[in-house]
Amino acid sequence: MAEIINVFKENIPTMRFIGKKYDNFGHWGEWWQNGWFDILEKTMGGTDKITVLWENGGGYIGVERRADGQPFEYYIGMFAPENTLVPEGFVSVDFRDLSLGTCWIYGKENEVHDTSACEQKLAENGMKIWSDDKGAVWSFENCLCPRYTTPDDKGNVILDYCYFIVK
């Protein structure tokens, strides 16, 4: 069973998320088949362009946007420095003047995607979830190498699950 092993606040710069928008989960296979992560990495000039701004940048991201009475939105892509050009066929969302509340979820890869306890853990640590001007909450899975991609000696990985929070 997966468990939250770390909860912390990350101060981040203004960033641009670049990716593709969906109305449901999944779609990761087409990203690998089409080389879309490679396109984004090349567009921003390499992942070191984002990791120099945000040490936990450079991961492959699954963003969720949720709001009562509004359609669910799911995006796959990467964060890039602000003002990075958006390649044709991709969309972007700019995130300004925010911080992140991050939970490290530790367990087997098929278990760490249960993020239901993160929001409460952030509140317990004094963090207030941000919502956009339409009342939506934005959160994302940050699949970082090697925390998420390389299991430890017990076969476990760490998934960074993040909510945008008020500074």
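Structure shown above.
Below: a short report on this structure. (Residues numbered from 1 in each chain as written. Predicted model: local features only at pLDDT ≥ 70, side-chain atom pairs only at ≥ 80, totals over all residues. Heavy atoms only, no water.)

### Comments concerning the environment of Ser139
The topology assignment puts Ser139 in strand β7 (residues 137-143). Beyond its immediate chain neighbours, meaning those up to four positions away, Ser139 contacts Gly62, Val63, Glu64, Tyr161, Cys162 and Tyr163. In terms of polar contacts, Ser139 uses its side chain to reach the side chain of Tyr161, at 2.6 Å. (Helix = DSSP H or I, 4+ residues; strand = E, 2+ residues; numbered from the N terminus. Contact = heavy atoms within 4.5 Å. Polar contact = N/O pair within 3.5 Å; in protein donor to acceptor, adjacent residues only side chain to side chain.)

### Overview of the sheet that holds strand β5 (residues 91-95)
Pairing between sheet strands relies on hydrogen bonds along the backbone, with the strands arranged either parallel or antiparallel. If you trace the eight strands from one edge of the open sheet to the other, you get β1-β6-β8-β7-β3-β4-β2-β5, paired in antiparallel fashion. Every other strand in the sheet has two partners, leaving β1 (3-11) and β5 as the edge strands with one partner each. The mean inter-strand angle of the sheet, taken between neighbouring strand axes irrespective of direction, is 30°. Here eight bridges tie strand β2 (residues 15-22) to strand β4 (residues 73-81), and the two strands are oriented antiparallel to one another. Bridge pairing in β4 places Lys21 opposite Tyr75. Contacts between helix α2 (residues 36-43) and the sheet are confined to β2, β3 (60-66) and β4, with β4 contributing the most and set at about 30° to the helix. (Pairing = 2+ DSSP bridges. Axes fitted to C-alpha atoms, helices over the stretch in contact; angles between N-to-C directions.)

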